[in-house]
Amino acid sequence: IEEAPGDCWSLEALSVLHFERIKAGADTPENRRNMLAFAARAEECSASLWNPHLMRAWLAAADFSREAPALYPQESANRVAAHQELAQLQGAPESVAAPARAIESFLLSVEAREAFGRKDHLVAIPPLMRAAELDPTNLEAASRATICCWWLKEFAAGIAVAERAIALLDEAGAVAPERLP
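Residues numbered from 1 in each chain as written. Predicted model: local features only at pLDDT ≥ 70, side-chain atom pairs only at ≥ 80, totals over all residues. Heavy atoms only, no water.

Visitor: Quick rundown of the pattern of salt bridges? Include the residues and the values.
Guide: Evaluated as defined, the whole model comprises 13 salt bridges. Across the pair Arg-56 and Glu-85 runs a salt bridge whose closest N-O atoms are separated by 2.9 Å. Here Arg-56, found in helix 3 (residues 51-66), pairs with Glu-85, found in helix 4 (residues 77-87); they are 29 residues apart in sequence, far enough to count as distant. By the burial criterion, Arg-56 is buried, and Glu-85 matches it. Several salt bridges share partner residues, and in doing so they unite Asp-27, Arg-32, Asp-63 and Arg-66 into one network. (Salt bridge = Lys/Arg side-chain N within 4 Å of Asp/Glu carboxyl O. Helix = DSSP H or I, 4+ residues; strand = E, 2+ residues; numbered from the N terminus. Buried < 20%, exposed > 50% of the residue type's maximum accessible area, 1.4 Å probe, protein only.)

If you want it as structure tokens, here you go:
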């Protein structure tokens, strides 16, 4: 970096290094600061990089999931930030789009937690069904959508969600309900 300060890909690689440390459990202020700083420098160098948006979306989604369930989750700054970063990934290649869909699925599952907890199945089902559609291996979304369908007497839809998740579990593995991919 010192020898070639305009090397966008090295800056991005350093941001990814700190991001991987955060994902591995070393979610420290220093790792976050470094990840965000290197990502910003990489973006200044080349606006066409996808990883900075993906990493910031992941961090915001993780922070959103740690917030107390809210009656109006759409008002969360972390939720808004995650969706804004995901919006920047429109048209991304599949190698970026797939993890972006998993993050969006996770976000939708978190958004539905409060309504699901209140047994407000009519409110909980749209984000849960969308989450299960985006990432059928998201077991929280699939199981809760199936339960909502049961209570709403939408049996065929519930069975379809459950069968899709079960069919993919052997192929892709399941996403733990409290973890981002």
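Having seen the structure, we can now continue with the description.
Visitor: I'd like a description of the packing of aromatic side chains, backed by residues and values.
Guide: For the coordinates displayed, the defined rule picks out two aromatic pairs. Ring centres of Phe-19 and Trp-58 lie 5.3 Å apart, and the angle between their planes is 90°; on these two criteria the pair is classed as edge-to-face. A residue pair is termed long-range when its members are at least 10 positions apart, and Phe-19 in helix 1 (residues 8-23) and Trp-58 in helix 3 qualify at 39 residues. The same class applies to Phe-19 as to Trp-58, namely buried. When the centroid spacing of 5.0 Å and the interplanar angle of 65° are considered together, the rings of Trp-150 and Phe-155 count as edge-to-face. Assessed through its relative accessible area of 55%, Trp-150 is described here as exposed. (Phe/Tyr/Trp six-rings, centres within 6.5 Å; stacked < 30°, edge-to-face > 60°.)

Visitor: Just give me the short version of the packing of helix 2 (residues 29-45) against helix 3, but keep the residues and values in it.
Guide: Viewed as axis vectors pointing N to C, helix 2 and helix 3 meet at an angle of 145°, and their least axial separation amounts to 9 Å. Crossing angle aside, the handedness with which helix 2 passes helix 3 is left-handed. Between helix 2 and helix 3, the residues in contact are Arg-32, Met-35, Leu-36, Ala-39 and Glu-43 and Pro-52, His-53, Met-55, Arg-56, Leu-59, Asp-63 and Arg-66, respectively. A breakdown of the residues in the contact of helix 2 with helix 3 according to their chemical character gives six nonpolar, one polar and five charged. (Axes fitted to C-alpha atoms, helices over the stretch in contact; angles between N-to-C directions. Left-handed = near helix turned anticlockwise from the far one by under 90°. Contact = heavy atoms within 4.5 Å. Nonpolar A, V, L, I, M, F, W, Y, C, P; charged D, E, K, R; others polar.)

Visitor: Tell me about unusual backbone geometry, residues and numbers included.
Guide: Backbone geometry places Lys-119, a non-glycine residue, at a positive phi of 65°. Its location among the elements puts Lys-119 in the loop between helix 5 (94-117) and helix 6 (121-134). With relative accessibility at 63%, the residue Lys-119 sits in the exposed group. Positive phi, close to 60°, is recorded for Lys-153, a residue that is not glycine. Mapped onto the secondary structure, Lys-153 falls in the loop between helix 7 (139-151) and helix 8 (155-172).

Visitor: Which residues make up the nonpolar core, and what are the values?
Guide: In this structure, Trp-58, Leu-86, Leu-89 and Ile-103 are the most contacted members of the largest nonpolar core, which totals 23 residues. Counting residues per element, the ones that place at least two in this core are helix 1, helix 2, helix 3, helix 4 and helix 5. The element best represented in this core is helix 3, accounting for nine residues. If we ignore the near neighbours within four places in the chain, the residues touching Leu-86 are Ala-57, Ala-100, Ile-103, Glu-104 and Leu-107. Of all hydrophobic cores here, the second largest spans 17 residues; its members include Ala-124, Ile-125, Leu-134 and Ala-142. (Core = buried A, V, L, I, M, F, W, Y, C linked by side-chain atoms within 4.5 Å.)

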